[in-house]
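# Summary of the model geometry
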Amino acid sequence: MCTGKCSKAIGVALFPLGVCAILANLLLFFPNGQILDTSLITDMVWFFGGIGGGGLLVFIPAFMMLCAGGEGCCANRCGMFISVILSAVGALGGIYCMIISSLGLIGGPLCSTDGESYFYPFRTNSTWEGNYLFNQTSWSICKAPENIVLWNIVLFSVLLSVGTIEAVLCITQMINGLLGCLCGTCMRKRRAGVASM
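Definitions and cut-offs
Residues numbered from 1 in each chain as written. Predicted model: local features only at pLDDT ≥ 70, side-chain atom pairs only at ≥ 80, totals over all residues. Heavy atoms only, no water. Helix = DSSP H or I, 4+ residues; strand = E, 2+ residues; numbered from the N terminus. Buried < 20%, exposed > 50% of the residue type's maximum accessible area, 1.4 Å probe, protein only. Core = buried A, V, L, I, M, F, W, Y, C linked by side-chain atoms within 4.5 Å. Contact = heavy atoms within 4.5 Å. UniProt positions renumbered as here; feature names shortened; annotations may be inferred. Axes fitted to C-alpha atoms, helices over the stretch in contact; angles between N-to-C directions. Parallel < 35°, antiparallel > 145°, perpendicular 65-115°, else oblique. Left-handed = near helix turned anticlockwise from the far one by under 90°. Nonpolar A, V, L, I, M, F, W, Y, C, P; charged D, E, K, R; others polar. Patch = residues over 30% accessible without salt bridge, like charges linked within 9 Å, V, L, I, M, F, W, Y side chains within 5 Å. Areas by Shrake-Rupley, 256 points an atom, 1.4 Å probe, with all protein chains shown as cover. Salt bridge = Lys/Arg side-chain N within 4 Å of Asp/Glu carboxyl O.

## Considering unusual backbone geometry
- Cis peptide bonds are those with omega within 30 degrees of zero, and the linkage from A144 to P145 qualifies with -10°.
- As for its position among the elements, P145 is in the loop between β2 (118–119) and α4 (148–183).
- At N32, a residue that is not glycine, the phi angle is positive and equals roughly 55°.
- Looking at the secondary structure, you find N32 in the loop between α1 (3–28) and α2 (49–69).
- Overall, the relative accessible area of 26% leaves N32 in the partly exposed class.
- With phi around 60°, N147 is a residue other than glycine that occupies positive phi space.
- As for its placement among the helices and strands, N147 is situated in the loop between β2 and α4.

Here is the structure:
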């Protein structure tokens, strides 16, 4: 596959992943579909791992990849070089999304055990054996918001998965873009083949 086509394919794949990251991050602001006071939302949500890291920082290189993979002024070595630099930004965004979602999973949600005071009940246990992720019966300690533990685990897991895939795709594009920068994007060969027909 030519580097231009590969660049375009990666760019197209990054868009739904970015949208998925933004939606997952937005849903974390509404635990179990409820609108809560901002002070009652888990702190890791406010680092915007999905909106900033997995979303906006990935959209920027995705647009450039589509341009570098198409015909026109950007479908050249310079365009591929720029895509390498922007892909590094996208990879950092994906890694940031991974880190924030991992910390969100490890720390657990902000919840109320008595229906009144909110705190992080799962942050006191620092051992892997007693971690709430591996002990589903401990989830019932959180009384409010309802199903907050499952809500956080599912959405932070989605963010972790999306961030990982985005980082891998952006690193792949960095390699692809470097090859395109050094060897060309195959556009001239395709035009020459069309002209000879």
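On we go from here.
## Brief notes about the nonpolar core
- Among the nonpolar cores identified, the biggest contains 34 residues, and L14, V149, F156 and L159 are the most heavily contacted of them.
- For this core, the elements supplying multiple residues, two or more each, are α1, α2, α3 (77–107) and α4.
- Apart from residues lying up to four places away in sequence, L159 is in contact with A21, A24, N25, L28, G50, C97 and S101.

## Details of the UniProt feature "transmembrane region" (unreviewed entry) in the chain
- Here the UniProt feature "transmembrane region" (unreviewed entry) sits at residues 12–32, 44–68, 80–106 and 148–169.
- Taken end to end, residues 12–32 is 81% helix and 0% strand, and its two terminal C-alpha atoms sit 31 Å from one another.
- Taken end to end, residues 148–169 is 100% helix and 0% strand, and its two terminal C-alpha atoms sit 31 Å from one another.

## Side note on the environment of I60
- When you line up the elements, I60 lands in helix α2.
- Residue classification places I60 among the partly exposed positions, given a relative accessible area of 43%.
- Put simply, I60 and F15 are 45 residues apart on the chain and 10.0 Å apart in space, counted from C-alpha to C-alpha.

## A word on the packing of α1 against α4
- Packing of α1 against α4 brings their axes to within 9 Å, and their N-to-C directions diverge by 160°. Taken as axis vectors, α1 and α4 run roughly antiparallel relative to one another. For the element pair α1 and α4, the recorded crossing hand is left-handed.
- Classifying every residue of the contact of α1 with α4 gives 20 nonpolar, 9 polar and 1 charged.

## Here we look at a nonpolar patch on the surface
- Nonpolar side chains collect at one region of the surface, where L92, I95, I99 and L103 lie side by side and expose about 360 Å² of accessible area between them.
- Within the secondary structure, I95 is located in helix α3.

## Looking at the pattern of salt bridges
- Summed over all chains, the structure comprises 1 salt bridge.
- Residue D43 pairs with R123 through a salt bridge whose shortest N-O separation is 2.8 Å. Linking D43 in the loop between α1 and α2 with R123 in the loop between β2 and α4, this pair joins segments that are 80 residues apart in sequence.
- The exposure class assigned to D43 is partly exposed, which follows from its relative accessible area of 26%.

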